[in-house]
Amino acid sequence: MAFLQSLNSRSSKAYKASPSRHGSSQFQLRQYAEATLGSGSLRQAVILPEGEDVNEWLAVNTVDFYNQINMLYGTVTEFCSPQTCPEMKATDEYEYLWQDNDKFKRPTKLSAPDYIEHLMNWVQAYFENEAVFPSKIGVPFPSNFAHIVRTIFKRLFRVYAHIYCHHFEVITQLGMQPHLNTSLKHFVYFAKEFDLIERDDLGPLNDFIDRILAEGKNK
């Protein structure tokens with residue numbers, strides 16, 4: 001997608017997942033997903049292709065959403081600093097604390113850019129772990145894969161929430177609002193299709209999400 005290339009050029013730091021082999025089913029699924037998105041139907045784009053493995057579909061889309069969110073955040077990094085965003089918030093009502101059971105064994109207050117950097121590195125580590133996100137044909141996914149994906153989606157959504165609640169004016173000035181809205185709508189459609197996120201987790205954006213999904217019902 002051309003707009004993602006444009007976003008990537010603005011990103012101060014792009015985290016990349018290891019690409020799947022061209023002969024792998026994940027590569028074929030990614031081609032299918034891109035072709036379906038090109039049709040303009042986000043609702044259709046999230047549906048599991050007939051005969052495909054649901055874990056493969058979850059893996060391919062999780063990587064793609066990660067890259068989208070990372071590139072979208074890259075457009076506002078110069079406006080999101082420890083000084084401007086000393087806490088990872090989405091309005092004053094929602095503050096997100098970081099915990100990874102490694103360096104941060106307890107929920108820890110971080111600035112928004114520090115939180116997001118830890119989050120991206122944490123997700124990247126899952127992508128690089130062949131025992132969790134296998135890239136080779138025939139290698140099984142772990143039995144708790146769906147749970148891992150739910151946790152990733154729950155945390156990635158917080159980046160959308162922070163951007164909307166604290167950097168939306170910048171996004172609008174840059175002309176990125178339609179791209180951000182489309183990315184969020186696609187993310188939510190996919191999450192709802194596979195039960196990856198709870199309504200409570202959408203917190204500060206619940207009403208906005210209800211509105212943009214309602215607007216897209218007839219599209």
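Residues numbered from 1 in each chain as written. Predicted model: local features only at pLDDT ≥ 70, side-chain atom pairs only at ≥ 80, totals over all residues. Heavy atoms only, no water.

Participant: Lay out the overall build of the chain with the relevant residues and their values.
Facilitator: The helix and strand tally for the chain stands at nine helices and two strands. Helices and strands in the chain line up, N terminus first, as α-α-α-α-β-β-α-α-α-α-α. Per-residue burial over the chain gives 49% buried out of 219 residues. Counted over contacts in the chain with a minimum sequence separation of 6, partners at least 24 positions apart contribute 73%. Here the chain displays about 11,200 Å² of accessible surface, and carbon together with sulfur accounts for 48% of that area. (Helix = DSSP H or I, 4+ residues; strand = E, 2+ residues; numbered from the N terminus. Buried < 20%, exposed > 50% of the residue type's maximum accessible area, 1.4 Å probe, protein only. Contact = heavy atoms within 4.5 Å. Areas by Shrake-Rupley, 256 points an atom, 1.4 Å probe, with all protein chains shown as cover.)

Participant: Would you mind going over the pattern of salt bridges in detail, with residue names and values included?
Facilitator: On inspection of all chains with the given rule, the structure shows five salt bridges. One salt bridge in this structure joins Asp92 and Lys89, with 3.6 Å as the shortest N-O distance. A relative accessible area of 15% means that Lys89 is categorised as buried. The salt bridge involving Lys109 is made with Glu95; its shortest N-O contact spans 2.6 Å. Here the residue Lys109 occupies a position in the loop between β2 (94–95) and α5 (112–127), and Glu95 occupies one in strand β2, the gap between them amounting to 14 residues. In this structure Lys109 comes out as partly exposed when scored by relative accessible area, which is 47%. Residue classification places Glu95 among the partly exposed residues on the basis of a relative accessible area of 30%. Counted as one network, the salt bridges with shared partners bring together Glu87, Lys89, Asp92, Glu95 and Lys109. (Salt bridge = Lys/Arg side-chain N within 4 Å of Asp/Glu carboxyl O.)

Participant: Hey, could you go over the environment of Ala161 for me, with residue numbers and the actual values?
Facilitator: Within the fold, Ala161 resides in helix α6 (residues 145–166). We classify Ala161 as buried; its relative accessible area is 0%. Sequence separation between Ala161 and Ala90 is 71 residues; the distance between their C-alpha atoms is 5.5 Å. Once you skip the residues sitting within four places of it in the chain, Ala161 turns out to touch Ala90, Tyr96, Pro204 and Leu205.

Participant: I'd like a description of helix α4 (residues 54–74), backed by residues and values.
Facilitator: Between the first and last C-alpha of α4 there are 30 Å, a value that for 21 residues agrees with the 30 Å anticipated at 1.5 Å per step. The buried fraction of α4 amounts to 19 of the 21 residues, a majority that puts the element mostly inside the structure. The opening residue of α4 is Asp53, an N-cap whose side-chain oxygen sits 3.0 Å from the backbone nitrogen of Asn55. (Expected span 1.5 Å × (residues − 1). Polar contact = N/O pair within 3.5 Å; in protein donor to acceptor, adjacent residues only side chain to side chain.)

Participant: Could you give me a rundown of the nonpolar core, with the residues and numbers involved?
Facilitator: Core analysis: the biggest nonpolar cluster contains 62 residues, and Leu156, Phe157, Tyr160, Leu184, Phe187 and Phe190 have the highest contact counts within it. Counting residues per element, the ones that place at least two in this core are α4, α5, α6, α7 (168–173), α8 (177–193) and α9 (206–215). (Core = buried A, V, L, I, M, F, W, Y, C linked by side-chain atoms within 4.5 Å.)

Participant: If you had to explain α8 to someone new, which residues and values would you point to?
Facilitator: An ideal rise of 1.5 Å per residue puts 24 Å on 17 residues; α8 measures up with 24 Å between its terminal C-alpha atoms. Along α8, the residues classified as buried are Leu180, Asn181, Ser183, Leu184, Lys185, His186, Phe187, Val188, Tyr189, Phe190 and Ala191. Asp195 lies just past α8 and shows a positive phi near 55°.

Participant: Lay out the side chain of Ser183 in plain terms, naming residues and giving numbers.
Facilitator: Within the secondary structure, Ser183 is located in helix α8. Apart from residues lying up to four places away in sequence, Ser183 is in contact with Phe65, Gln68, Leu72 and Tyr160.

Participant: Can you tell me about the packing of aromatic side chains, naming the residues and giving the values?
Facilitator: Per the stated rule, a full pass over the model turns up 17 aromatic pairs. Look at Trp98 and Trp122: their rings are 5.9 Å apart centre to centre, the planes differ by 85°, and that puts the pair in the edge-to-face class. Remark: Trp122 occurs in helix α5 and Trp98 occurs in the loop between β2 and α5; sequence separation between them is 24 residues. For the pair Trp98 and Trp122, one class covers both residues: buried. One aromatic cluster is present, built from ring pairs that chain together Phe65, Phe153, Phe157, Tyr160, Phe187, Phe190 and Phe194. Directly above the ring of Trp98 sits Arg155, whose terminal nitrogen or CZ lies 4.5 Å from the centroid. Directly above the aromatic system of Trp122 lies the positively charged group of Arg155, at a separation of 4.5 Å from the ring centroid. (Phe/Tyr/Trp six-rings, centres within 6.5 Å; stacked < 30°, edge-to-face > 60°. Lys NZ or Arg CZ within 6 Å of the ring centre and 35° of its normal.)

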